[in-house]
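Structural overview for review
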Amino acid sequence: MAKFGKWLGGGLGWAVGGPIGAIIGFALGSVLDDTKVVVNHSNFKQNTQVGDFSASLLVLAAAVMKADGAVLKSELEYVKKFFIKNFGVAHTQEQMLVFRELLKQEIPVREVCMQIRHNMEHAARLQLIHFLFGVSSADGAVHQQEVQVIAEIASYLGVSEADFNSMKAMFFRDADSDYKILEIAKSASDEE
């Protein structure tokens, strides 16, 4: 028998939460198809809620992690530790199942960012970019493709070039060229 959970979840997610809802719905449907567990997950509303922010983090983290063609364990651990610290263990366990499915999907970055820009305040969008730089630097080596994806995301989110460069400088010795991670930033991510 065919498994339609991911398509049903994606369609319902699109109707309720736009592009982000579709991606998360598809991922949840995939999890349901594989595990046959019923999950009640209603994170998408017009105003930004904790679930919206965490969903945005996961979707865009998946895009950044996949940019260089390799999803590394250190990057996954960074996301997991960040989620545990900020959202708790129960929420993190739920979201990591969804995250595994997100990593298998193509992420429509522009559409997702436009939805986020429309529904999320500027300060939260800046936090999102900071988190993405943390993901990118988690393995100690940042690839130019990751920085390019973060720059693209920042642009779509309406983050100014000055704000982008300021955040990038928190993680790199030379914000314009060599992408070498500051030792302070690396040790700070190890402590999280």
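Described in the following lines is the structure provided in the data block.

Cut-offs and rules
Residues numbered from 1 in each chain as written. Predicted model: local features only at pLDDT ≥ 70, side-chain atom pairs only at ≥ 80, totals over all residues. Heavy atoms only, no water. Axes fitted to C-alpha atoms, helices over the stretch in contact; angles between N-to-C directions. Helix = DSSP H or I, 4+ residues; strand = E, 2+ residues; numbered from the N terminus. Parallel < 35°, antiparallel > 145°, perpendicular 65-115°, else oblique. Contact = heavy atoms within 4.5 Å. Nonpolar A, V, L, I, M, F, W, Y, C, P; charged D, E, K, R; others polar. Phe/Tyr/Trp six-rings, centres within 6.5 Å; stacked < 30°, edge-to-face > 60°. Buried < 20%, exposed > 50% of the residue type's maximum accessible area, 1.4 Å probe, protein only.

1. Thoughts on the packing of helix α3 (residues 73-87) against helix α6 (residues 122-137)
Direction vectors running N to C along α3 and α6 enclose 140°, while the axes themselves pass 8 Å from each other. On the basis of their axis angle, the class for α3 and α6 is oblique. Note on element contacts: α6 touches α3 through F131, G134 and V135, opposite E75, Y78, V79 and F82. Grouping the amino acids of the contact of α3 with α6 by side-chain chemistry returns five nonpolar, one polar and one charged.

2. Description of the packing of aromatic side chains
For any pair of aromatic rings, the description consists of the separation of the ring centres together with the inter-plane angle of the planes. A complete count under the given rule lists six aromatic pairs for this structure. A ring pair is formed by F82 and F83, whose centres lie 6.3 Å apart and whose planes are at 65°; its orientation type is edge-to-face. Consider the rings of F82 and F131, whose centres lie 4.5 Å apart with planes at 45°: the pair is tilted. With F82 in helix α3 and F131 in helix α6, this pair connects stretches of sequence that are 49 residues apart. Taken as a pair, F82 and F131 share a single burial class, namely buried. An aromatic cluster of three or more residues is present, and its members are Y78, F82, F83, F87 and F131.

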